[in-house]
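Structural features, examined
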Amino acid sequence: MSKSKPQLEGEVYYPSNEVVEQARLKDWDEMAEKARKDPQAFWAAEAEELEWFKKWDQVLDDSKKPFFKWFVGAKTNIVHNAIDRHLKTYRKNKLALVWESEDGKTERTFSYFLLNREVSRMANIIKAMGVNKGDRVTIYMGRIPEIAFAMLACAKIGAIHSVVFGGFSVDALQGRIDDSQSKLVITCDGAFQNGKIVELKRTVDEAVKRCPSVENVIVVKRVGHEVPMEVSRDHWYHDLCALPIANGKCATEVMDAEDPLYILYTSGSTGRPKAILHTHGGYMVGTYTTLKYVFDINDEDRYWCAADPGWVTGHSYIVYGPMLNGATSFMSEAGPSYPYPNRIWQQVERYGIRILYMAPTAIRGLMRFGEAWPNKHDLSSLRLLGSVGEPINPEAWKWYYRVIGKEKCPIMDTWWQTETGMFMITPTPTVPLKPGSGTRPFFGQEAEVLDEAGKPVADDTEGYLVLKNPWPAMLRTIYGDPDRYVNQYWSKYPGKYLTGDSAKRDRDGYFWIIGRADDVIKVSGHRLGTAEIESALVSHHAVAEAAAIGLPHEVKGQAIHTFVLLRSGFEASPELAEELRQHVATHMGPIARPEDVKFVDKLPKTRSGKIMRRVLKARAQGLPEGDVSTLDE
Ligand code: WTA
């Protein structure tokens, strides 16, 4: 890439001739223009590349918006396209998944043929447990191949999976199992994390006590330590695999394009986490298409999305997107710097990774160890890099570009959300890049930055980011709460999708995400709601009221800071602060452990009693408090 030709403003990185030559899509503008003129025709052409048991009667039905429907009348199953169709081609023997254990001693590889066998086996088992089409299954596991098998097995038989991130703890898990009314939980005896064991099964035991909907728990053995098993409820997966019912073929259920595929809980601005619902047809077309163009997947590539399968990035771009493209994915059980800061670079070299996709927080963490660690390794296999989950600061972008990509790998900074299911603002490899900007909306999409009243703001001015067009992988609703779906996303500016982010657009039409405009905190790329953290705090007997905010953090992007009002009779002390931090970690999960706990005499509130976190945030950073006319003091 040569730097700064004068067409675009600011610091611009243009694609090299080599990048353009290699890229499947050479002319972004031409495709963008085509899709702009007729988005439905664009998406229909993409959908034609996949197999359908029955084609659609209509690409998009917007008659009941915002309850949009895509590929209306079509029949398919995402697993048919992610696995079954590959078995008829040379891809049958191609590797779908390569996995390395945390201790680096075990490698497991699965061809598409083997993947099908694993998924069919698990599908046969869960079906035999009485899980039917439309039933919910909660998956709570570590980063092992079986988490992907479990998701695919559910999809194959038409059950709806609900994956809960393994970094969450009892309360978070229980709330999500209960809300989804899952019949079955699939978990492991434990997961390895930095040499220690995370007690997944014990957490499930605690959570399930309060979840009467759960009839069975399947336990995959991973760490091999002793865990209690409840005779009629808990089953070792390896025992089930030995039963005759587990073996043999399993038919892939014929699904309506609009049938639910999964729900994934995510934090919103207020209240309980929201169960975001995705469907078989549109989500399939969206993840397939975006991954194909943005990460330019080719058959010979080895692709590594280093996210956790428990978040949406893992769903769309570890499991479904890569498999829909017949790609070879790598999965690491270990974190990027365990046991040494070169772990990730060693793996890139060892497994010949060509496309590497991770979060800015990981990049910043690795950057802190210095260049010597990556420089010890041959990273020449890399051809594309990616970033996701939070804004990437230009310093981290440039380090990633120079030290890891050796100034030859474009960085795909992909902006999207659990709700969007697929990339929404993103470059493709030949698009000129500006460090810190996800460039422009994906084909068929238009974005805008609006002021409070809904008027587009001037260039380079901050405002609310909205999306104007429906897209196939969009969430269909909040499971069990359609009113909340309408209120949350479609009410502030009727007809436009409210992202919850604040952003700017520059004169070249490039978007710059500033961060969340609501009460969502992004800690190391993990999305957490202030409401959940606060409710964990007030569940402690010493706490009367609590507020949580996110403040900038050098590596994590944002860190959780909390303000606590004690009940009378309790004294503020460093010990109590520590106890409260631990309390949140135990109840919600270690990722939600607050950076600090400050004891206060009162919290800034509106006259109607709502905590003004914005004011707390401004005060903590020594910034102006803004409009405080509603403040009750
Ligand atoms: C943020 C993760 C800047 C944003 C895929 C969004 C980003 C929220 C980027 C969704 C990016 C995601 N640049 N910010 N490339 N990608 N975000 O649902 O605030 O966990 O609203 O989905 O992450 O988080 P979620």
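Given the structure is predicted, the values throughout are model-derived calculations rather than measurements.

1. Here we look at the sheet that holds strand β21 (residues 447–450)
Spatially, 4 strands are ordered β21-β22-β24-β25 in an open sheet, and the strand pairing comes out antiparallel. Looking at which strands have only one partner, the edges of the open sheet turn out to be β21 and β25 (511–516). The sheet shows a mean angle of 45 degrees between the axes of neighbouring strands, taken without regard to direction. Inspection of the sheet shows β21 paired to strand β22 (residues 463–467) by 4 bridges, in the antiparallel sense. Paired with Glu 448 across the two strands is Val 466, which belongs to β22.

2. Observations concerning the sheet that holds strand β20 (residues 411–414)
Strand order in the open sheet made by the 7 strands is β5-β4-β17-β16-β18-β19-β20, with mixed pairing throughout. Lying at the two open borders of the sheet, with one neighbouring strand each, are β5 (107–111) and β20. Going from strand to strand, the sheet's axes swing by 20 degrees on average, the running direction of each strand aside. Judged from the 3 bridges that link them, strand β16 (residues 302–305) and strand β18 (residues 355–358) form a sheet pairing that is parallel. Bridge pairing links Tyr 303 to Ile 355 in β18.

3. Focus: the nonpolar core
Side chains that are nonpolar tend, in soluble globular proteins, to be buried together. If you look at the biggest cluster of nonpolar residues, it comprises 159 residues, and the most contacted ones within it are Trp 52, Phe 71, Phe 295, Tyr 320 and Phe 443. Once residues within four sequence positions are removed from consideration, Phe 443 is found in contact with Leu 25, Trp 28, Met 31, Ala 32, Ala 35, Phe 42, Trp 43, Tyr 293 and Thr 428. Core analysis: the second largest hydrophobic core is formed by 28 residues, Ile 353, Ile 392, Trp 399 and Leu 433 among them.

4. Some thoughts on the environment of Val 431
Note that Val 431 resides in the loop between β20 and β21. Excluding its chain neighbours within four sequence positions, the residues that come into contact with Val 431 are Tyr 13, Trp 28, Thr 439, Arg 440 and Tyr 510.

5. Topic: the pairing of strand β14 (residues 260–266)
Along β14, 6 of the 7 residues are buried, which leaves the element largely enclosed by surrounding structure. Pairing between strand β7 (residues 160–163) and β14: 2 bridges, direction parallel. When the sheet's bridge partners are listed, Ser 162 is paired in β14 with Ile 263. In this sheet, strand β15 (residues 274–279) lies alongside β14 in antiparallel orientation, the contact comprising 6 bridges. Considered in β15, the bridge of Tyr 265 is made with Ala 275.

Each value, and the rule that gives it
- Residues numbered from 1 in each chain as written.
- Predicted model: local features only at pLDDT ≥ 70, side-chain atom pairs only at ≥ 80, totals over all residues.
- Heavy atoms only, no water.
- Pairing = 2+ DSSP bridges.
- Helix = DSSP H or I, 4+ residues; strand = E, 2+ residues; numbered from the N terminus.
- Axes fitted to C-alpha atoms, helices over the stretch in contact; angles between N-to-C directions.
- Core = buried A, V, L, I, M, F, W, Y, C linked by side-chain atoms within 4.5 Å.
- Buried < 20%, exposed > 50% of the residue type's maximum accessible area, 1.4 Å probe, protein only.
- Contact = heavy atoms within 4.5 Å.

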